[in-house]
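# Residue-level structure breakdown
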Amino acid sequence: MILIASLAVSIAACGGTADNKEKESSETSGNEDTSAGSNDEESEAKDDASEDKEKGDEAPGELSLKQFAEDVNSDKAKAEKDCIGNMYQITATVDEVKDGYCELMGVNTFNYNEINVRARVYLPSDVLAGLKDWDKITVSGTIESIEDGILKYNGEDFETVFLNMPDAQIVK
């Protein structure tokens, strides 16, 4: 019973659906004390999450550069509006280390009908010095702005959107 109750709390904390929560409650075989304790713990977890949001300690969401590229190609204005000012965690490949930042590769379509996406991740110089082209890294930070630009490849120019993340940190 304790295992089932702790499993229910664990799944609820991870955002289980209402159907799952009802199913888990019925699996406790009517142990009212356990389900009541579970609801109290659930309520406390929600209160803690609300306090963290108010403090700005919200965990970053995952941002797939591939998905962002698809979003940009379907509705660029909406994709940009939804992204700017939000904290994200990005896992991608370093394309190039530059002075003060590195560029992470999104999807390079090199197709004149689609827009490429890159993330400019500003990191401390000692961290940048340890990076090499083609390293796969995970960073966390806020997308402060988005710029339109050109990506040169094999002597040709391709429309590119650059996500700027000035307060990035490497996630270990």
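All of the points below concern the structure found in this document. Owing to the predicted nature of the structure, the values given are computational and were not obtained by experimental measurement. (Residues numbered from 1 in each chain as written. Predicted model: local features only at pLDDT ≥ 70, side-chain atom pairs only at ≥ 80, totals over all residues. Heavy atoms only, no water.)

### Some words on the overall build of the protein chain
The secondary structure content of the protein chain amounts to five helices and eight strands. Mapped from its N terminus to its C terminus, the protein chain presents α and β elements in the order α-α-α-β-α-β-β-β-α-β-β-β-β. In the protein chain, which comprises 172 residues, the proportion classed as buried is 31%. For the protein chain, restricting intrachain contacts to residue pairs at least 6 apart in sequence, the fraction spanning at least 24 positions comes to 65%. When the accessible surface of the protein chain is summed, it comes to about 10700 Å², and 48% of that surface belongs to carbon and sulfur atoms. (Helix = DSSP H or I, 4+ residues; strand = E, 2+ residues; numbered from the N terminus. Buried < 20%, exposed > 50% of the residue type's maximum accessible area, 1.4 Å probe, protein only. Contact = heavy atoms within 4.5 Å. Areas by Shrake-Rupley, 256 points an atom, 1.4 Å probe, with all protein chains shown as cover.)

### Examining the pattern of salt bridges
The tally for this structure, following the rule as stated, stands at 10 salt bridges. In this structure, K98 engages E103 in a salt bridge whose closest nitrogen and oxygen atoms are separated by 3.4 Å. On the basis of relative accessible area, K98 is assigned to the partly exposed category, the value being 30%. Relative accessible area serves as the criterion here: at 3%, E103 is assigned to the buried category. (Salt bridge = Lys/Arg side-chain N within 4 Å of Asp/Glu carboxyl O.)

### As for the nonpolar core
Here is a general trend for soluble globular proteins: nonpolar side chains tend to be buried in one another's company. Judged by nonpolar contacts, the single largest core of 28 residues is most densely connected at F68, I90, C102, L104, I143 and L163. The leading source of residues in this core is helix α4 (residues 65–83), at six residues. Beyond its immediate sequence surroundings of up to four residues, F68 is in contact with L63, A79, C83, V117, I146, V161 and L163. (Core = buried A, V, L, I, M, F, W, Y, C linked by side-chain atoms within 4.5 Å.)

### Quick word on the side chain of Q89
Inspection of the secondary structure assignment puts Q89 in strand β2 (residues 87–97). In this structure the side chain of Q89 is engaged in a polar contact, spanning 3.0 Å, whose partner is the side chain of E62. When residues no more than four places from it in sequence are discounted, the contact partners of Q89 are P60, G61, E62, L63, T138, V139, S140 and V171. (Polar contact = N/O pair within 3.5 Å; in protein donor to acceptor, adjacent residues only side chain to side chain.)

### Overview of the pairing of strand β7 (residues 156–165)
When a strand is regular, its side chains alternate between the sheet's two faces. Burial within β7 is extensive, with seven of its 10 residues counted as buried. By the bridge criterion, six bridges tie strand β4 (residues 116–122) to β7 in an arrangement that is parallel. Paired with V117 across the bridge in β7 is V161. Inspection of the sheet shows strand β6 (residues 145–153) paired to β7 by nine bridges, in the antiparallel sense. Across the sheet, the residue bridging to I150 is E159, located in β7. Hairpin geometry of β6 and β7 is characterised by an intervening segment of two residues between the two adjacent antiparallel strands and by a positive phi of about 50° at N154. (Pairing = 2+ DSSP bridges.)

### Quick word on the pairing of β4
Burial analysis of β4 places six of its seven residues in the buried class, which makes it a mostly covered element. In the sheet, strand β3 (residues 101–105) pairs with β4 via five bridges, with the strands oriented antiparallel. Paired with Y101 across the two strands is Y122, which belongs to β4.

### Concerning the side chain of R120
Relative to the elements of secondary structure, R120 occurs in strand β4. Here E147 takes part through its side chain, which lies 3.3 Å from a polar atom of the side chain of R120. For R120, the contacting residues outside a window of four places in its chain are Y101, C102, E103, E147, F162, L163, N164 and M165.

Any functional reading would require information beyond the geometric quantities listed.
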